[in-house]
Each structure stands twice: as C-alpha cells, then as structure tokens.
Amino acid sequence: QKEVEQDPGPLSVPEGAIVSLNCTYSNSAFQYFMWYRQYSRKGPELLMYTYSSGNKEDGRFTAQVDKSSKYISLFIRDSQPSDSATYLCAMTKANQAGTALIFGKGTTLSVSS
Amino acid sequence: EPEVTQTPSHQVTQMGQEVILRCVPISNHLYFYWYRQILGQKVEFLVSFYNNEISEKSEIFDDQFSVERPDGSNFTLKIRSTKLEDSAMYFCASSALGTNTDTQYFGPGTRLTVL
C-alpha cells in the first residue's frame, strides 16, 4: 500500500464550480498536512497547511483533515481559470528538523471559462 | 518577495558524466532540501541539510549523490556518474526553522536530461 494516494485526474470543471481534491494516507505517524499547487514546469507552491483534524479556511480554499479516516481534502470555491494547475497533497511525520515532505502524485485540475 | 533560485534551468548530459545542480536558498533560511520529480511521477524527497550536515536522506540518495554548501549562499547537488534514470526535474527547497509547521519554499527546478 502506497503511503499517500491521490487520484491524478484529470479533473475538468466550469468556471465558478466547487472543486474537491482528496488524498488518503496509510501511515498514522503523519501529523502535518499541506496542499501545494504546481503550474506546468514550475516548482510546488504552498497553498495551505494544517495539523489538526477539522477545517481550515483561507479565502476560496478550505483544507479538511480527518485523521481517524486518514483522509484529507482541499475545496476550492468559485473556481477560476487561473486555478488550473496540478494540486499536490503532502504530509510529514512528528516534529523533526529537516523532515521530508511525502507527496501524493498530484491531481491535474482544468477550469474552463 | 524572496525566492529560491536554481541554475541551470535545463541541463543535458551524457550518461556517466558528473553534474552539479545549483541552488540559492532564501537568505535567512537554515534548512535546505533536494527533491526530484520524474516525468509523470510524484515529487520525491532526496535529502535535507542543516548546519553543514545531512539531516535526513532517502533510499534514492545513494553514494552517487552528494550535497554541499560551498559558500554562504549556494547549495549544490552533485551526481557523480549520471544514469538514464536520473533524468528528472530536481527541486531545491529551503525553510526557516525545519520544524513541521514551517514552510518549505521550492525553487523552479532544474530539468536534467541524461542521454
């Protein structure tokens, strides 16, 4: 079983739609969860991070963590064409300096105007 | 806004040759990382570096790889004898504290093509 599973898509939605992106993980040692956005041929850019179960909101983005189910989600409201990118979930284990981020494979999102 | 920079953007090399990929982390950051992304695959951790020592490394980071901070600004990844399977995007990242709640900022990557 892979440590982090993420449906690669692609996911195509019309402008204004609500988008739901999801990851599951197998290792209960993961404590911190992040969503990165990656445009084509660019480096990952952090969108959100959270470390507790529940919801965290930042503008049009909401990150949701359910540690009991080992399931995390990113919701994008009022999606825009500029949101078209690959979204990577990432997670790390308990506090250690210089800890590796473990990434999902990424979901490619296309928002059409 | 400060950012991580990487050079070159694209490196083409022959199998068996040595390559050095260069990164300039954000200036006040203390932890440095290398990741790679083979085309169509996930971003994979290679190594983290702090205080001139490797903090953590993955199974991928074998004896063919080495990292160095040769001066106060650069952070390099050396591959001694490149293989075809080393072809990938290599991302450098840096973070201020190295704790899990700290953000790792990624550079734009170097595309390495091994022929």
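Right above here is the structure, for reference.
Source: prediction; values computed, not measured. Numbering of residues starts from 1 in each chain and follows the order in which that chain's sequence is written. Lettering of chains starts at A and numbering of ligands starts at 1, both following the order in which they are written. For a predicted model such as this one, the threshold for reporting local features is a pLDDT of at least 70, and the threshold for listing and counting side-chain atom pairs is 80 or more; totals across whole chains, interfaces and linings nevertheless cover every residue. Side-chain metrics in this entry use all non-hydrogen atoms of the structure; hydrogen atoms and water are not considered.

This part takes up the sheet that holds strand β8 (residues 71–76) of chain A. All names here are of chain A. Strand order in the open sheet formed by five strands is β1-β3-β8-β7-β6, and the pairing between neighbours is antiparallel. If you trace the sheet from one side to the other, it starts and ends with β1 (4–6) and β6 (54–58), each paired once. The sheet shows a mean angle of 20° between the axes of neighbouring strands, direction not considered. Note: two strands are recorded as paired if DSSP finds a minimum of 2 bridges between them. The numbering of helices and of strands both runs from the N terminus, where a helix is a DSSP run of H or I of at least 4 residues and a strand a run of E of at least 2. When β6 meets strand β7 (residues 61–66), the two strands line up antiparallel, connected through five bridges. The residue of β7 that forms the bridge with Lys-56 is Ala-63. Angles here are taken between N-to-C directions and fall from 0 to 180 degrees, while the axes themselves are lines fitted to C-alpha atoms, restricted in helices to the stretch in contact.

All names here are of chain A. By convention, a stacked pair of Phe, Tyr or Trp rings (six-membered ring in the case of Trp) has centres within 6.5 Å and planes under 30 degrees apart, an edge-to-face pair has planes over 60 apart, and any other such pair is tilted. Following the criterion strictly, the structure yields 16 aromatic pairs over all chains and no others. Note on Tyr-32 and Tyr-51: the rings are 5.9 Å apart at their centroids and 50° apart in plane angle, and the pair reads as tilted. Remark: Tyr-51 occurs in the loop between β5 (45–50) and β6 and Tyr-32 occurs in strand β4 (residues 32–38); sequence separation between them is 19 residues. With relative accessibility at 47%, the residue Tyr-51 sits in the partly exposed group. Any Lys NZ or Arg CZ that is within 6 Å of a ring centre and within 35 degrees of that ring's normal is treated as a charge sitting over the ring. Lying over the aromatic face of Tyr-49, Lys-56 brings its terminal NZ or CZ to 4.3 Å of the ring centre. Summary of the burial criterion: residues with accessible area below 20% of their type's maximum are buried, those above 50% are exposed, and those between are partly exposed, where the area comes from a 1.4 Å probe applied to protein chains only.

The next subject is the interface of chain B and chain A. Whether two residues are in contact is decided by their heavy atoms, any of which lying within 4.5 Å being enough. Contacts between the two partners involve 22 residues from chain B, matched on the other side by 25 residues from chain A. The term buried area refers to how much accessible surface (probe radius 1.4 Å) is lost by two components on association, counted for both of them together. Summed over both sides, the interface between chain B and chain A buries roughly 1,900 Å², with carbon and sulfur atoms accounting for 51% of that surface. Every case where a carboxyl oxygen of Asp or Glu lies within 4 Å of a side-chain nitrogen of Lys or Arg is listed as a salt bridge. Applying the counting criterion to the chain B and chain A interface returns zero salt bridges. Side-chain atoms alone can form a polar contact between residues adjacent in sequence; in general such a contact is a pair of N or O atoms within 3.5 Å, and within protein one must be able to donate a hydrogen while the other accepts it. Taken together, the connections running from chain B to chain A amount to seven residue pairs in polar contact (both at pLDDT 80 or more). Of all the secondary-structure elements, those providing two or more residues to the side of chain B that touches chain A are β4 (31–37), β5 (43–50) and β6 (53–57) of chain B. Residue classes follow a fixed rule: Ala, Val, Leu, Ile, Met, Phe, Trp, Tyr, Cys and Pro count as nonpolar, while Asp, Glu, Lys and Arg count as charged, and any other residue, Gly among them, counts as polar. Taken together, the residues of the side of chain B that touches chain A break down into eight nonpolar, eleven polar and three charged.

The next point concerns the side chain of Asp-86 of chain B. All names here are of chain B. As for its placement among the helices and strands, Asp-86 is situated in the loop between β8 (75–79) and β9 (88–95). This buried residue, Asp-86, is left without a salt bridge; Arg-36 holds the nearest opposite charge, at 4.3 Å. Of the polar contacts made by the side chain of Asp-86, one reaches the backbone nitrogen of Lys-83; its length is 2.8 Å. Once residues lying within four places of it in the same chain are set aside, the contact partners of Asp-86 are Arg-36, Phe-65, Ile-79, Ser-81, Leu-112 and Val-114. None of His or the chain ends enter the tally, which takes Lys and Arg as positive and Asp and Glu as negative.

Attention shifts here to the nonpolar core. Here, the term nonpolar core denotes a set of buried Ala, Val, Leu, Ile, Met, Phe, Trp, Tyr and Cys residues that are joined through side-chain atoms within 4.5 Å. Trp-35, Ile-72, Leu-74, Ile-76, Tyr-87 and Met-91 of chain A are the most contacted members of the largest nonpolar core, which totals 24 residues. At the level of secondary structure, the elements contributing two or more residues to this core comprise β3 (19–25), β4, β5, β7, β8, β9 (85–92) and β11 (107–112) of chain A. Apart from residues lying up to four places away in sequence, Ile-72 of chain A is in contact with Leu-21, Asn-22, Cys-23, Tyr-25, Phe-33, Trp-35, Gln-64, Val-65, Cys-89 and Met-91 of chain A. The next biggest cluster of nonpolar side chains, apart from the first, holds 21 residues, and it includes Trp-34, Leu-46, Ala-88 and Leu-112 of chain B.

For the rest of this paragraph, the subject is the pattern of salt bridges. For the structure shown, the criterion picks out four salt bridges over all chains. For Arg-60 of chain A, the salt bridge goes to Asp-83 of chain A, with nearest N and O atoms at 2.9 Å. Of this pair, Arg-60 of chain A sits in the loop between β6 and β7 while Asp-83 of chain A is found in the loop between β8 and β9, placing the two residues 23 residues apart along the sequence. For Arg-60 of chain A, a relative accessible area of 25% gives the class partly exposed. Owing to a relative accessible area of 1%, Asp-83 of chain A belongs among the buried residues under this scheme. With a shortest N-O distance of 3.2 Å, Glu-44 of chain B and Arg-36 of chain B are connected by a salt bridge.

It is worth spelling out the sheet that holds strand β1 (residues 5–7) of chain B at this point. All names here are of chain B. One open sheet holds the four strands; their spatial order is β1-β3-β8-β7, and the pairing between them is antiparallel. Each having just a single partner strand, β1 and β7 (65–68) make up the two edges of the open sheet. The average undirected angle you get between the axes of adjacent strands in this sheet is 20°. Across five bridges, the pairing between strand β3 (residues 19–24) and β8 is antiparallel. Residue pairing in the sheet places Cys-23 in a bridge with Phe-75 of β8.

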